[in-house]
Structures are given as structure tokens and as C-alpha cells.
Amino acid sequence: MILGHFLVISLALNAGFLYRDYCKGKHHYQEFFSFKNECKNASLTLLETSPPPFSSSSSSSKAFDGIINLDHGDPTMYERYWQQMGDKTTVVINGWQFISYFSDVRKVCWFLEPEFANSIIRLHKLVGNAITEDRYIVVGTGSTQLFQAVLYAVSPPNASEPISVVSAAPFYSSYPLITDFLKSGLHKWAGDAYTFNKDEPYIELVTSPNNPDGFPRQAVVNQNQGILIHDFAYYWPQYIPISSPADHDIMLFTVSKSTGHAGTRIGWALVKDREIAKKMTEFIVLSTIGVSKDSQIRAAKILQVVSDSHQYKGNFKEGKAFFEDSYDYMARRWKQLRDAVNVSKLFSLPDFTSGSCTFSGRTFGSQPAFAWLKCEGEIDDCESFLHGHKILTRGGKHFGGSEKYVRISMLPRDETFDQFIERLSSISSS
């Protein structure tokens, strides 16, 4: 009965996050589904002031005075690159194709399209960020569904109490919500891994590089009874130096942050244990009866083009290789942000240690998909302070951290990001 509701819950959860953004980022998670008139008005304002796709920041002669929404990580920065690729990623699906539920019944995840599985393995081998040998690949509708599937798969089914789920603060703001949303009796959110000291089984979520602060992470609790889930959504060479292939029991990835295709709603897990992979597959079958084949084929084509842009760059006339282009873009944006912070003198940013990237050969410091911005001095509520300047962010309290911090998306379209930098630079102590 509980599992039968997961499809509705997954849809409602994503709708809730978007709705919270439209409500100017000021409503708590418990209010996601409270559709009030003032929120409707706010969403209209946001829609009216949001820049159109592919617009240039030079098209406006006066400073933008509307709302700048950097609360969520919608990766529209990548639109520019994929527009340059033209029809390289175009996929034509005939009406008779992919009608069946089944892809390969011999596989544990029998709805995983072979073309998508092959593109995943090829890309990981190219980048060198994860071991794929002796792993089962489980495809999901984004990494959110995979996270739900993993919790179901590793939680003891007959325990007297729900197993504790922890993550080191600041942790991804969705973890507590997703973990406790169903109140299933299998698992419960137990907060900051740094403060967890119970002598009992637990699940620890390790996000590396971390969302929101961008630092590489390792397990914190380190007790014998722990089950580790590694979320590597951002372990790609545009964000952080690739130091070695990740080699863990359960590893989660997603196309939304690797290539920018959040709307495709595809993620994958690399799982060592066959029984865990089977239970994850069971969860996905019971909640959505598999994963869209159309989305898998589109994602496969995108990953193939990413790999081709590096392996056959001499014949790639449309532009730079994908990770080279996106690295340059992130480096430029982080320089702009640090310059703006230095001008304002009201804020600070994390400092990242430089490391050598085995993929690109570069030595650089992390340039994460989110900025963990701190308001200095007497500003105690950074989210409210920036909201007063019409900049929507997600406050530190949602990540188990201080209200002096906010998370800011570094992945909006150029015009939105340039407007943000201009406005942040203009905020002074006066």
C-alpha cells in the first residue's frame, strides 16, 4: 500500500520544490503543498521577470530590477553548449519502437536499455571517476528515485525500529524530506552524522563533492553497523579535480548535473551487491513500472556525444569538447563571483585546495555547481538579507547549517548570472 503511493509522492515532491521557488523561497518544507493566493502572485511575478532562453545580457541598456531566482539548481547554463551542437544529439523514435515494458530480461534491472548502459560505462571509463567493472547498473527517474530505492533496498524489513539515516552537515536539503516523507517505518531521518553516536545500525549519505558547500566528503560515523550511500552527482571534471575512480558499494549519478539535462529525469546507480540491485529494481517497478525508454535513449545519445567530443575532438567541428567547455564556463563564473564578493566586502566564500585532475591534467581548486555564501558581520539571516535585495537563495537552516549561510546556484543562464553578479557587487555595508 505504501509503495503504491510513491509515484504520486515523487511528482508532488518535485512540484513542491518548484512551487517553493515561486513562493520567493520563504516557505518552509511543511508548507510546500499549501497553495496560497500570495504564492500565486509571486509565481506570476517570477515568470514575468525571468529572462527568455538564450538571451544576451547586452540586450538591456539599464540595470535589471526584478527578482533573481538562484534557489534551485536548474542547470540552464548548459543550453548554450547543446544549442551549438545542433542536431548531433537529435534522436528519432518511431511509433513502433520501445512499446514493451522490457529491455533485457536477463539483466537484474530488466528495463535498463543496453544502449544507455553502454554509454554510461564508456563515459565513466573516459573520465575515470567511477569503477564500473563487477557492478550492476540500476536506472532511475533521476537520482531522487534512486535514493528512495536505495533506502528501501538497504533498510532492514523486520526491524523493531526504523533505521537511522544521517549525513554530515551541511547536507543536501532534500535528504530529510525524502527520508521521512512516507513515514514508512523502514527508515527515519536522524540528522547530522557528526553528532550521531548510537550503537545501532544506520545509513550514512555521503555526497562528494558536497551539496551545498562543494567540498569532497568521506564517511563520518565510521561504525561497523553502517551502510554507506555515495552520491556522486557532482563528481565530474567541470566541478572538481578527478583524483581517482570512485569505488564504493552504492554510487549514484545523474544526467542533470553531469550534462545539464535535468528535464530528461534520468539517473543511474552503480551497485556491487546483486541483492541490493534487485531490491532497488523491485522498488522502481512497484512505483513506476520501470523508467522511460524514450528518456534513456535520449540520455544515451547525449552521453555518447560527450564521449565523442573528447575521443574524436579532431573531427568535432561544432565546438570544444564538453568538459573543456563546461570547465572554462565554471572557472569564469567563479572568478566573477569572487570578484563581486571582494567588491562588496559583506560576504565570504569557501577556499578550496587545488588538486591535480587525472582526466584533464589540470591543477585547480573546486568550482562547484553551488556557492556556499556567508554573510559577514551583523547579518544573521543571509537568506532574508538577500531576499530584501530581490535575490532568492536557499538558507543554511535547510541544510542543517547556520542562517548566516545561503546556497546559490551557479548554473543559471548567462543573463540571470550576470544580473546576479551586478546586483551582488552593488550591495555595500551602507
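All figures in this text were calculated on a predicted structure; none of them were measured in a lab.

So, on to the overall build of the protein. Along the backbone of the protein there are 12 helices and 15 strands. By residue count, 52% of the 430 residues in the protein fall in the buried class. For the protein, long-range pairs separated by at least 24 residues make up 73% of all intrachain contacts whose partners lie at least 6 apart in sequence. Carbon and sulfur atoms make up 51% of the accessible area of the protein, which amounts to about 19100 Å² in all.

Nonpolar side chains collect at one region of the surface, where Y101, F102, V105 and I289 lie side by side and expose about 450 Å² of accessible area between them. By the secondary structure assignment, F102 is in the loop between α3 (79–84) and α4 (114–127).

As a further point, take the environment of K313. When you line up the elements, K313 lands in the loop between α9 (293–311) and α10 (322–344). Accessibility expressed as a relative area gives 43% for K313, which makes it partly exposed. For K313, the contacting residues outside a window of four places in its chain are D308 and E324. Within polar-contact distance, the side chain of K313 engages the side chain of E324 at 2.6 Å.

In the structure shown here, the tally under the stated rule is 17 salt bridges. Across the pair D339 and K335 runs a salt bridge whose closest N-O atoms are separated by 2.9 Å. Here the residue D339 and the residue K335 both occupy positions in helix α10, the gap between them amounting to 4 residues, near one helical turn. On the basis of relative accessibility, which here comes to 36%, the residue D339 falls in the partly exposed class. Residue K335 is classed as exposed on the basis of its relative accessible area of 53%. Salt bridges here are not isolated pairs; linked through shared partners, they connect R135, D247, D249 and K272.

What follows deals with the environment of A219. Relative to the helices and strands, A219 is located in the loop between β5 (202–207) and β6 (226–231). Here the alpha-carbon distance between A219 and L205, two residues 14 residues apart in the chain, equals 7.9 Å. Beyond its immediate sequence surroundings of up to four residues, A219 is in contact with E204, V206 and L228.

Reading the values: the criteria
Residues numbered from 1 in each chain as written. Predicted model: local features only at pLDDT ≥ 70, side-chain atom pairs only at ≥ 80, totals over all residues. Heavy atoms only, no water. Helix = DSSP H or I, 4+ residues; strand = E, 2+ residues; numbered from the N terminus. Buried < 20%, exposed > 50% of the residue type's maximum accessible area, 1.4 Å probe, protein only. Contact = heavy atoms within 4.5 Å. Areas by Shrake-Rupley, 256 points an atom, 1.4 Å probe, with all protein chains shown as cover. Patch = residues over 30% accessible without salt bridge, like charges linked within 9 Å, V, L, I, M, F, W, Y side chains within 5 Å. Salt bridge = Lys/Arg side-chain N within 4 Å of Asp/Glu carboxyl O. Polar contact = N/O pair within 3.5 Å; in protein donor to acceptor, adjacent residues only side chain to side chain.

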